[in-house]
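Summary of structural features
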Amino acid sequence: QKEVEQNSGPLSVPEGAIASLNCTYSDRGSQSFFWYRQYSGKSPELIMSIYSNGDKEDGRFTAQLNKASQYVSLLIRDSQPSDSATYLCAVKDYKLSFGAGTTVTVRA
Amino acid sequence: ETGVTQTPRHLVMGMTNKKSLKCEQHLGHNAMYWYKQSAKKPLELMFVYSLEERVENNSVPSRFSPECPNSSHLFLHLHTLQPEDSALYLCASSQGRAPLEDTQYFGPGTRLTVL
């Protein structure tokens with residue numbers, strides 16, 4: 001079983017819609033959770049971190065964490081063409097483990 | 001320069017060559033990392049240095065040799081690579097002091113092609 005699994009995508013959403021990205025992880029001891037955005041040909045950049053169960057909002061982004069279900073998600077509201085990228089879920093116990101990423105395309 | 005920088009940005013080398021990748025962080029961090037990113041695969045952690053000491057080596061072949069002379073600089077020395085080593089090599093750094101909230105920041109990467 002992969003340590004961190006993301007819905008494979010690609011995910012195509014119309015401009016202005018909500019994009020929903022899901023991530024599950026296998027290690028119950030994981031304490032820290034991160035979402036990175038990676039544009040094609042660029043390096044990952046951090047967009048959200050979450051450490052406690054519940055929701056965390058930052059602008060158009062909302063991260064949701066459910067440790068009992070070993071599940072973390074990212075919602076992108078009012079999606080813009082500039083949100084088109086690959087989104088990486090990363091989970092940390094003593095080291096950071098990444099999912100393979102979900103590619104999002106926002107259609108204008 | 002700000003953040004994490006990497007040189008060169010692109011590298012093409014033959015299997016018999018020896019080259020080095022360089023990473024420099026300007027964030028005052030104590031931990032530095034090398035990752036390999038291949039197409040359609042998760043980022044693979046290769047090496048971790050904390051306060052210039054190697055704390056993680058994820059079964060990386062010996063043809064990859066890291067060096068961390070100080071907390072701001074990290075090198076990856078390459079020799080006798082294979083074509084399957086072609087990938088994007090990413091350097092990252094973090095404070096390394098608060099494990100829960102220790103966030104890694106990435107450099108722009110070196111795109112390596114082995115012929």
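Calculation criteria
- Residues numbered from 1 in each chain as written.
- Chains lettered and ligands numbered in written order.
- Predicted model: local features only at pLDDT ≥ 70, side-chain atom pairs only at ≥ 80, totals over all residues.
- Heavy atoms only, no water.
- Salt bridge = Lys/Arg side-chain N within 4 Å of Asp/Glu carboxyl O.
- Buried < 20%, exposed > 50% of the residue type's maximum accessible area, 1.4 Å probe, protein only.
- Pairing = 2+ DSSP bridges.
- Helix = DSSP H or I, 4+ residues; strand = E, 2+ residues; numbered from the N terminus.
- Axes fitted to C-alpha atoms, helices over the stretch in contact; angles between N-to-C directions.
- 1 Å grid on protein atoms, 1.4 Å probe; cavity = no way out; pocket = protein on both sides within 12 Å on 5 of 7 lines; lining within 4 Å.
- Points joined across faces, edges and corners; volume = space filled by probe spheres on them.
- Nonpolar A, V, L, I, M, F, W, Y, C, P; charged D, E, K, R; others polar.
- Phe/Tyr/Trp six-rings, centres within 6.5 Å; stacked < 30°, edge-to-face > 60°.
- Lys NZ or Arg CZ within 6 Å of the ring centre and 35° of its normal.
- Contact = heavy atoms within 4.5 Å.
- Buried area = accessible area lost by both parts, 1.4 Å probe.
- Polar contact = N/O pair within 3.5 Å; in protein donor to acceptor, adjacent residues only side chain to side chain.
- Core = buried A, V, L, I, M, F, W, Y, C linked by side-chain atoms within 4.5 Å.

Attention now goes to the pattern of salt bridges. Residue and element names in this part refer to chain A. Per the stated rule, a full pass over the model turns up five salt bridges over all chains. Across the salt bridge formed by E45 and R37, the nearest N and O atoms sit 3.2 Å from each other. A residue is classified by how much of its surface remains accessible, and E45, at 33% relative accessible area, is partly exposed.

Attention shifts here to the sheet that holds strand β8 (residues 71–76) of chain A. Residues and elements named next belong to chain A. A sheet is described by the order of its strands in space; here five strands give the open sequence β1-β3-β8-β7-β6, paired in antiparallel fashion. Among the strands making up the open sheet, the edge pair consists of β1 (4–6) and β6 (54–58). On average, each strand axis in the sheet is tilted by 20° relative to the strand beside it, whichever way the strands run. Across six bridges, the pairing between strand β3 (residues 19–25) and β8 is antiparallel. The residue bridging T24 from the neighbouring strand is Y71, located in β8.

By volume, the largest pocket is sized at about 430 Å³. Lining the largest pocket are 19 residues, and of these Q38 and T86 of chain A together with Q37, A39 and K40 of chain B sit closest to its centre. Sorting the residues of the lining of the largest pocket by element identifies β9 (85–92) and β11 (102–107) of chain A as the ones contributing at least two each. Here the residues of the lining of the largest pocket sort into five nonpolar, ten polar and four charged.

This next bit is on the packing of aromatic side chains. Each aromatic ring pair is characterised by the separation of its centres together with the angle its planes make. On inspection of all chains with the given rule, the structure shows nine aromatic pairs over all chains. Between F34 of chain A and Y51 of chain A, the ring centres sit 6.2 Å apart and the planes meet at 80°, which makes this aromatic pair edge-to-face. One end of the pair, F34 of chain A, is in strand β4 (residues 32–38); the other, Y51 of chain A, is in the loop between β5 (45–50) and β6, with 17 residues separating them in the sequence. Neither residue differs from the other here; F34 of chain A and Y51 of chain A are each classed as buried. Ring centres of Y36 of chain A and F106 of chain B lie 5.4 Å apart, and the angle between their planes is 85°; this geometry places the pair in the edge-to-face category. Highlighted residues: Y36 of chain A in strand β4 and F106 of chain B in strand β10 (residues 105–106), drawn from two different chains. Grouping residues by exposure puts Y36 of chain A and F106 of chain B together as buried. Taken together, the ring pairs connect Y36 and F98 of chain A together with Y33, Y35 and F106 of chain B into an aromatic cluster. Directly above the aromatic system of F61 of chain A lies the positively charged group of R60 of chain A, at a separation of 5.7 Å from the ring centroid.

Moving on, we come to the interface of chain B and chain A. Taken together, the 20 residues of chain B in the interface contact 18 residues of chain A. Contact between chain B and chain A buries roughly 1500 Å² in total, counting both sides, with carbon and sulfur atoms accounting for 56%. K92 of chain A is the salt-bridge partner of D102 of chain B, the closest N and O atoms lying 3.7 Å from each other. The tally of links from chain B across to chain A stands at three residue pairs in polar contact (both at pLDDT 80 or more). Counting only elements with at least two residues in the side of chain B that touches chain A, the list comes to β4 (31–37) and β9 (87–94) of chain B. Considering only residue class, the side of chain B that touches chain A consists of ten nonpolar, five polar and five charged.

Time to look at the nonpolar core. Most often, soluble globular proteins have nonpolar side chains that are buried together. Membership of the largest hydrophobic core comes to 23 residues, with the highest contact counts inside it found for W35, V72, L74 and Y87 of chain A. For this core, the secondary-structure elements that each account for two or more residues are β3, β4, β5, β7 (61–66), β8, β9 and β11 of chain A. With residues up to four places along the chain from it excluded, the contact list for Y87 of chain A reads Q6, L21, W35, Y36, R37, I47, F61, L74, I76, G101, T102 and V104 of chain A. L11, W34, Y49 and V114 of chain B belong to the second largest nonpolar core, which has 22 residues in total.

Note that every value here comes from positions in space, so none of it alone points to a role or purpose.
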